[in-house]
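Survey of secondary and tertiary structure
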Amino acid sequence: MNILKFGGTSVGSVESIKQVLHIIERQRHSGDTPGAVVLSAMSGVTNQLIEIGRMAAEGNTDYMELVRRIEDRHFNVVRQLIPVKEQSKVFATVRGIVNELEDLLRGVSLIRELSLRTMDLIMSFGERMSCTVVSECLKSRGVPAVFCDARQLIKTDSQFSMAEVNYPKTTELIQDYFGKTTDLPIVTGFIGSTEKTETTTLGRGGSDYTASILGAALNADLIDIWTDVDGMMTADPRKVSSAFNIPTITYAEAMELSHFGAKVIYPPSLQPAFARNIPIRILNTFNPDHNGTVISRTAERREYTITGISSIDDIALVNLQGSGMIGVAGVSARVFGVLAQHKISVILISQASSEHSICFAIDPRNAEAVRTVLNQEFAPDIEHGHIDSVGIEKDLSIIAVVGEGMKKSSGIAGKLFSVLGKNGVNIVAVAQGSSEINISVVINRNNLSKALNAIHNVFFQSEARILNLFLVGTGLIGKTLLQQIQAQTEFLKSEKLMKICLVGVSNTKKMLLDPRGINLDDWQGRMLTEGVTTSLPAFVDQIKNYNLPNSVFLDCTSDKDIVNFYESLLNANVSVVTPNKVANSGSYEDYRRLQKTALRRGVKFLYETNVGAGLPIINTLQGLMLSGDRFLKIEAILSGTLSFIFNNFGPGKSFASIVREAKEKGYTEPDPREDLSGMDVARKILILAREAGFPLEPSDVTINNLLPEPCITAPSIPAFFDELDKNNAYFESLLTEAEAKGEKLRYVATLEGGKVTIELRSVGFDHPFYSLSGADNIVSFTTDRYKDRPLVVKGPGAGAEVTATGVFADVVSIGSYLG
């Protein structure tokens with residue numbers, strides 16, 4: 001025999017009640033006849049009844065309008081689902097219940113008083129009406145159903161609004177009733193009565209409790225809780241989009257998850273079933289073919305170390321501390337004893353091993369009452385300075401990580417704390433039960449969504465962990481990067497368990513942000529149709545407001561102002577990746593501040609493409625530094641433009657013609673003097689010097705002019721080329737001099753002895769730069785370990801494809817770090 005329970009959303013409308021009737025009929029036809037059906041009030045009705053009671057107590061006669069609405073909802077079900085010839089008697093029955101409610105409300109309105117006892121009676125009308133209507137609907141379809149008022153079966157004490165069940169008496173009444181009836185009882189959930197027949201309610205989620213009480217008394221084979229979700233989930237799907245169904249779960253796990261906010265089932269409802277070892281199945285009324293979740297004494301083995309993550313959105317943390325608590329017995333007893341006297345529930349407890357402090361979580365609505373109670377209880381101790389004043393911190397949340405598998409797995413707590421730390425989520429308090437199936441942490445409320453998603457991502461890695469990307473700059477590099485990410489999506493998911501989600505994109509004209517993600521197939525189209533005028537401050541503010549886990553800000557511009565946002569983003573625990581050299585080539589103080597901020601906040605600031613595009617130059621340098629090597633000299637050709645020019649400048653070719661060719665091929669800036677000035681090279685070698693441990697400023701870089709003065713001061717680009725032609729003899733003489741020595745001209749940046757020089761020089765055939773060709777970059781590291789034969793990194797140092805590749809590699813490395 002099964003007990004079926006349907007929640008408020010399952011009986012919330014005509015269509016949903018049709019589905020309920022179909023489920024009941026299907027079970028009967030399958031031969032698995034339900035022993036009883038428990039119903040909640042129609043969704044929203046209980047809250048309306050509470051409001052109606054309060055309005056009546058205040059003398060506000062508008063409550064009658066709400067009563068009419070409730071009546072109309074039930075009448076509408078009758079009109080839609082019961083044949084016309086059978087409707088009148090049902091209308092009369094419902095009208096009789098409503099008349100009783102109206103009489104009660106008139107009394108409340110007259111005496112202007114609303115006790116808990118009266119409120120329980122008012123709230124009972126929701127279940128009484130829904131069960132009346134559904135039982136009549138079933139009878140009209142040929143199902144032998146009967147309305148059953150649970151107040152005749154479930155006996156409780158007189159603790160109104162949260163009554164305690166008298167199990168021996170209740171079990172006796174249930175068994176006696178079911179032993180005599182042959183019809184299908186449609187039982188009112190949520191309500192019971194005292195020995196004096198006073199109506200009581202069983203507390204939040206009481207309809208689940210009713211079903212469990214019936215199941216235990218009748219020794220049912222199974223209790224089906226029909227709701228509006230596909231069973232219990234690994235996390236709240238409204239907060240964690242990647243949450244998925246848990247097929248089986250133990251009583252203990254379900255109790256823990258339910259206690260910490262998983263509202264699919266009400267914790268006390270498990271207790272009667274637990275005592276009789278009756279499985280509880282959570283099913284979806286609106287997706288009845290889904291297997292849902294089975295809660296029983298044991299569960300199937302899983303591939304994950306945890307079962308689920310739950311949370312309580314809003315709590316307050318009370319802290320009591322003082323030197324007078326150390327070694328003093330009975331302090332905890334006094335704290336929790338006085339709270340119990342005032343019926344204040346404690347959600348979580350954490351105490352320091354020194355016994356210097358004790359903190360506990362409560363409903364924030366009780367915060368001031370707790371402060372008053374504790375100040376009174378410990379008044380002498382506070383007065384003598386043995387205990388500090390009671391501290392209360394609000395706007396906090398609790399996250400509970402739950403699972404039987406945690407008992408046999410080491411490192412769960414470390415993994416939990418690590419992922420929170422990497423996402424900048426501060427832990428205010430921690431508690432772990434001796435059962436080892438629950439670790440609970442208290443965090444700031446504004447970090448709840450981020451924390452839940454980050455934890456879920458790490459512990460349930462069958463789903464790819466998500467990097468949330470915010471891209472500024474959709475020029476060649478930015479656009480190429482998005483193409484590369486799109487092409488590698490499946491590989492990253494299958495091989496690296498990683499998904500890069502584009503959340504924000506911006507260029508100089510428009511910006512688009514969507515926390516659900518922007519499809520890489522249509523990001524340009526969406527920017528055109530949905531994008532708004534670009535505002536970098538607004539873009540950055542929205543990144544912080546979203547507060548998404550594993551966020552990465554990607555600057556693919558050369559903008560000098562955008563770097564001013566880096567520090568605030570790092571402080572908001574957003575990693576930064578950029579090929580933009582401005583931040584790292586400004587003042588040394590700014591450079592170090594960004595480095596320290598990233599380190600302190602546990603996020604990444606990566607800029608491999610600042611030097612050499614996609615070449616592994618900075619990573620190589622950093623690896624040598626971390627291993628304790630010391631740099632003696634760095635020599636580098638760091639401009640693809642200048643590399644091309646001097647690799648192609650030879651006998652029979654004028655220097656001006658080579659520069660013109662480089663400009664035509666797109667290797668130079670519109671004004672080639674920007675490349676020939678050596679400023680870009682200066683920024684790159686300065687970055688390498690700093691990475692090598694030298695605290696240099698831009699003014700410490702010496703650039704020996706490559707161009708004669710008339711070329712530098714030419715008023716226009718055509719005039720510049722005219723001057724270049726006029727000075728051809730100068731460049732010819734440099735080339736001739738180098739060839740006479742069997743050497744080649746190279747534009748080299750050198751760091752040696754803490755000094756940086758950039759100049760045109762000639763190198764012999766034994767130098768690693770001698771055989772350089774095309775537009776390649778090359779860097780030579782001479783260190784304590786690479787003294788006789790320098791370590792050389794060589795390859796293409798410019799171009800959208802290789803630069804985007806280097807940026808992509810930085811982004812993926814962040815994903816590996818955060819995972």
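Everything below is about the structure printed above this text.
Described in the following lines is the structure provided in the data block.

Rules and cut-offs
- Residues numbered from 1 in each chain as written.
- Predicted model: local features only at pLDDT ≥ 70, side-chain atom pairs only at ≥ 80, totals over all residues.
- Heavy atoms only, no water.
- 1 Å grid on protein atoms, 1.4 Å probe; cavity = no way out; pocket = protein on both sides within 12 Å on 5 of 7 lines; lining within 4 Å.
- Points joined across faces, edges and corners; volume = space filled by probe spheres on them.
- Helix = DSSP H or I, 4+ residues; strand = E, 2+ residues; numbered from the N terminus.
- Nonpolar A, V, L, I, M, F, W, Y, C, P; charged D, E, K, R; others polar.
- Pairing = 2+ DSSP bridges.
- Axes fitted to C-alpha atoms, helices over the stretch in contact; angles between N-to-C directions.
- Contact = heavy atoms within 4.5 Å.
- Parallel < 35°, antiparallel > 145°, perpendicular 65-115°, else oblique.
- Left-handed = near helix turned anticlockwise from the far one by under 90°.

1. A short note on empty space enclosed by the protein
One pass over the full model with this rule turns up 2 cavities of 30 Å³ or more. Forming the walls of the largest cavity are I637, L642, S643, F646, N647, R746, Y747 and L772. Of all elements in the fold, only helix 22 (640-648) and strand 26 (744-752) reach the threshold of two or more residues within the lining of the largest cavity. Tallying contributions element by element places helix 22 first for the lining of the largest cavity, with 4 residues. Its residues placed into classes, the lining of the second largest cavity shows 4 nonpolar, 3 polar and 2 charged.

2. Comments concerning the sheet that holds strand 29 (residues 791-796)
The mixed open sheet is built from 6 strands, whose spatial order is 25-27-26-24-28-29. One side of each edge strand has no neighbouring strand; the edge strands of this open sheet are strand 25 (701-703) and strand 29. Across the sheet, the mean angle from the axis of one strand to that of its neighbour is 20°, orientation sign disregarded. Pairing of strand 25 with strand 27 (residues 755-763) involves 3 bridges; the strand directions are parallel.

3. What about the packing of helix 23 (residues 655-664) against helix 27 (residues 717-726)?
It is at 8 Å that the axes of helix 23 and helix 27 come closest, and there the two elements cross at 145°. Each of F655, A656, V659, R660 and K663 in helix 23 lies in contact with helix 27, whose residues at this interface are I717, F721, L724 and D725. In terms of residue class, the contact of helix 23 with helix 27 is made up of 6 nonpolar, no polar and 3 charged.

4. Some thoughts on the sheet that holds strand 13 (residues 357-362)
If you walk across this open sheet you meet the 6 strands as 12-13-11-14-16-15, and the pairing is antiparallel. Unpaired on one side and paired on the other, strand 12 (348-351) and strand 15 (427-432) mark the two borders of the sheet. If you compare each strand with its neighbour and ignore which way they point, the axes differ by 30° on average. Contacts between helix 8 (residues 251-259) and the sheet are confined to strand 11 (308-321), strand 14 (391-402) and strand 16 (438-444), with strand 11 contributing the most and set at about 60° to the helix.

5. What to know about the packing of helix 21 (residues 617-626) against helix 25 (residues 679-691)
Look at helix 21 against helix 25: their axes get within 10 Å of each other, and the N-to-C directions meet at 20°. It follows that helix 21 is roughly parallel to helix 25 by the angle criterion. When you trace helix 21 past helix 25, the crossing you get is right-handed. From helix 21, I617, I618, L621, Q622 and M625 reach across to helix 25, where they touch I687, L688 and E691. Split into classes, the residues belonging to the contact of helix 21 with helix 25 amount to 6 nonpolar, 1 polar and 1 charged.

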